[in-house]
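Letter by letter, the chains look like this.
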Amino acid sequence: MSDAAVLEKHNAALAELLLVLDELGLPVFPGLTPENEYKGRHAWSWRPTRQDEEWTDPGWRAVIWIERFCPQISGDVGSPLRLLPFQLAFVLEIFGRVDEDGIRVHTAAFLEWAKKNGKTTLLAAVALYCLLGDPVDPMPRVYVAAAAEKQTEELFEAVRLMREHSPAIKARTYMREAPGRKRCIRLDRRGFIAFLTGAAATQDGINPSVAIVDEVHRHKNREIWEILKQGQSTREQPLIIGITTAGDDDDSEVYRDLHGQAEKIQDGTLVLENWYVDVRNLPLKDKAGEPVDWRLPRYARVANPAAGTRAEIQAGLAFKRLDLILAEVAEVEHQPSRERAVRRLTLGQRVTLSGGWLPLPRWDEAPNLQDLTGRVAFLGLDLSAKTDLTAAALLLPDDDRSGGDLLIRAWMPGEDLERRMQRDNAPFDRWADEGWLTIQDGARINGEALLEDLLEWVKPHDVVAVGADPHHAQELIRKLEDHGLDVIEVSQAVRNLSEATKTFEAMVMERALRHDRSPLMRWCLGNVTLRHGEGDTVAPDKRRSTARIDCVAAAVNAVDVGMVRDVEVAVSAYSSSRLAHA
């Protein structure tokens, strides 16, 4: 495809995006119009030469310096960095918009884009320009603050790589790395970039000329932002930049405040001339109030200003592959646990999912149970604080561990049963009549009766191990061990349950988990909301789920010990004959 044809298709995609933004009730984002709005309306591809009066303009000076001295640090590493329109708009406005006295208008900025849109590269280039190229401050102190050590390492590595592949930057700086103290320092010792993590950013004596707060939504409170901002009070032309992906319902106070303020500035309901904002989120509803179908390909570019086809990327018009964004969205159909992460990180949607983790029709499509005779089994328990639902799941994995058979049992105190049914909107009495639930007498779970039921239930099977959270269960665990069962502690932390949760999900979605069609288990499954931890980790969340999920929790515990962990299958030690005589 010729360059002209690629450019024509690129412009058509931008025209379509402008229509989408209007449909969604969003403003026109910086960099989307054919010509930029910065002092003279040149095309985005235009750059000044020494013969042009713009050569000495402070905005173009920053662009020229960055594109001349800052190399690419991913993809074609070492090649010159070329700013895309959305990046160019930011640099021009931040460094070039000045008042009649030549003082920068913008003292603060807030950028919110989906992941992999060049945030780290842009931050590194801006930090290095402020250290070496910006004439505003002869003693620059650039502070880059992250909430976690991993983020700090990534930012430090980005600056290090730029320096390593830029002879001009390398000739004027050196790197210093010590525990808790990472810096890029000018050789004349008249300035530095300091990289701070968490509490280190709250130390006294910070006096930034420029402060950059990365992944704002990960900072728990306003402390870092306020200390950095207040530390700039003696600077004539201070600049503080917050940059982030979309936060979720666990977001921090500082993110909520800055995001809310930025949206108001962007839609014109709040005027703060000193702020530059660029917030790109796919909304949950369009301007007519109708739900937005986030799965549609036409919405993929809203939060991804760097996205484009392979042809656009080869032509230098994009650097994030649009086809991979669409593939990630499509994968959610087969991996429902990823929905929240994909919508937030890839599409910029701030979404809370209540229930509906796995599609119940897919659960209903499971094949019938196979012959259970002579197969090893793993027992998962979810034990209540003696006053609520207690559940047990018996998993009999296939030999190749690609699937298995699942049986469910549950127990509940009988006192206040009517109130419980009204509270949970569930027919516990009917499920008890059908044999899915045992309702015990009294107000609390009877531990001895529960133990007797459990041992009788698992007796026909060769139980290798039991997975249980020791919370609320110490006495029962001890008695199970006295009866010859190997009990393994299953921590309920997200990072520990994530693999088992995803394994359970995969078996359901692939119709590889055969089950006894317990209506109680089906009800619990429909109530599940997931917790999201670091990275892509997930686990069922009892606190946020719409109602009881105990049967699912027991099943995930069984999957953990039966399919995730390397539990030795020693059938003879835990056979039904041993249980029968224990």
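Residues numbered from 1 in each chain as written. Predicted model: local features only at pLDDT ≥ 70, side-chain atom pairs only at ≥ 80, totals over all residues. Heavy atoms only, no water.

Draft legend 1. Here's a closer look at the overall build of the protein chain. Helices and strands together make up the secondary structure of the protein chain, namely 20 helices and 19 strands. The buried share of the protein chain, taken over its 582 residues, is 54%. Total accessible area computed for the protein chain in this model is approximately 25,800 Å², and 49% of it derives from carbon and sulfur atoms. The centroid of the 73 positive side-chain charges in the protein chain is displaced by 5 Å from the centroid of its 91 negative side-chain charges. (Helix = DSSP H or I, 4+ residues; strand = E, 2+ residues; numbered from the N terminus. Buried < 20%, exposed > 50% of the residue type's maximum accessible area, 1.4 Å probe, protein only. Areas by Shrake-Rupley, 256 points an atom, 1.4 Å probe, with all protein chains shown as cover. Lys, Arg positive; Asp, Glu negative; His and termini not counted. Charge placed at Lys NZ, Arg CZ, Asp CG, Glu CD.)

Draft legend 2. Up close: the nonpolar core. With 53 residues, the main nonpolar core has I66, F90, V91, F95 and I193 as its most contacted residues. Other than its neighbours up to four places away in sequence, I66 contacts L81, L83, V91, A125 and Y129. Ranked by size, the runner-up nonpolar core spans 51 residues in total, among them W523, V552, A554 and V559. (Core = buried A, V, L, I, M, F, W, Y, C linked by side-chain atoms within 4.5 Å. Contact = heavy atoms within 4.5 Å.)

Draft legend 3. A look at the side chain of D405. Of note, D405 is situated in strand β13 (residues 404-413). Separated by 2.9 Å, the side chains of D405 and R514 make a polar contact. Residue contacts for D405: discarding those within four places in its chain leaves L369, Q370, L372, R375, L394, L395, L396, D398 and R514. (Polar contact = N/O pair within 3.5 Å; in protein donor to acceptor, adjacent residues only side chain to side chain.)

Draft legend 4. Geometry of the packing of helix α2 (residues 58-69) against helix α3 (residues 85-96). Where α2 contacts α3, the axes come no closer than 7 Å and their chain directions differ by 130 degrees. If you check the angle between α2 and α3, you find them oblique. Note on packing geometry: the crossing formed by α2 with α3 is right-handed. Within the contact between the two elements, α2 uses P58, G59, W60, A62, V63 and I66 and α3 uses L88, V91, L92, F95 and G96. A class-by-class count of the residues in the contact of α2 with α3 yields nine nonpolar, two polar and no charged. (Axes fitted to C-alpha atoms, helices over the stretch in contact; angles between N-to-C directions. Parallel < 35°, antiparallel > 145°, perpendicular 65-115°, else oblique. Left-handed = near helix turned anticlockwise from the far one by under 90°. Nonpolar A, V, L, I, M, F, W, Y, C, P; charged D, E, K, R; others polar.)

Draft legend 5. Focus on the packing of aromatic side chains. This structure, assessed with the given rule, holds 14 aromatic pairs. When the ring of W65 is compared with that of F69, the centres are 5.2 Å apart and the planes differ by 55 degrees; the resulting orientation is tilted. With W65 and F69 both in helix α2, this residue pair falls four residues apart, about one helical turn. Seen from their ring centres, F428 and W523 are 5.6 Å apart, and the 85 degrees between their planes marks the pair as edge-to-face. You can see F428 sitting in helix α14 (residues 428-433) and its partner W523 sitting in helix α18 (residues 519-527), a full 95 residues away along the chain. Judged by its relative accessible area of 0%, F428 falls in the buried class. For W523, a relative accessible area of 15% gives the class buried. (Phe/Tyr/Trp six-rings, centres within 6.5 Å; stacked < 30°, edge-to-face > 60°.)

Draft legend 6. Just the layout of surface pockets, in detail. The calculated volume of the second largest pocket comes to roughly 480 Å³. Every residue lining the second largest pocket is counted, 24 residues in all, and those nearest its centre are D382, Q492, K542, D550 and A553. It is helix α19 (residues 550-564) that provides the largest number of residues to the lining of the second largest pocket, a total of three residues. A breakdown of the residues in the lining of the second largest pocket according to their chemical character gives nine nonpolar, six polar and nine charged. (1 Å grid on protein atoms, 1.4 Å probe; cavity = no way out; pocket = protein on both sides within 12 Å on 5 of 7 lines; lining within 4 Å. Points joined across faces, edges and corners; volume = space filled by probe spheres on them.)

Draft legend 7. Representation of empty space enclosed by the protein. As enumerated under the stated definition, the model contains two cavities of 30 Å³ or more in all. By volume, the second largest cavity amounts to about 40 Å³. L123, A124, A127, V144, L155, V159, F195 and I212 together form the lining of the second largest cavity. Put simply, the parts of the chain that give the lining of the second largest cavity at least two residues each are α4 (119-133) and α5 (149-164). Looking at the lining of the second largest cavity element by element, the count peaks at three residues for α4. In terms of residue class, the lining of the second largest cavity is built from eight nonpolar, no polar and no charged.

Take it as geometry only, folks, not as evidence of what the structure does.
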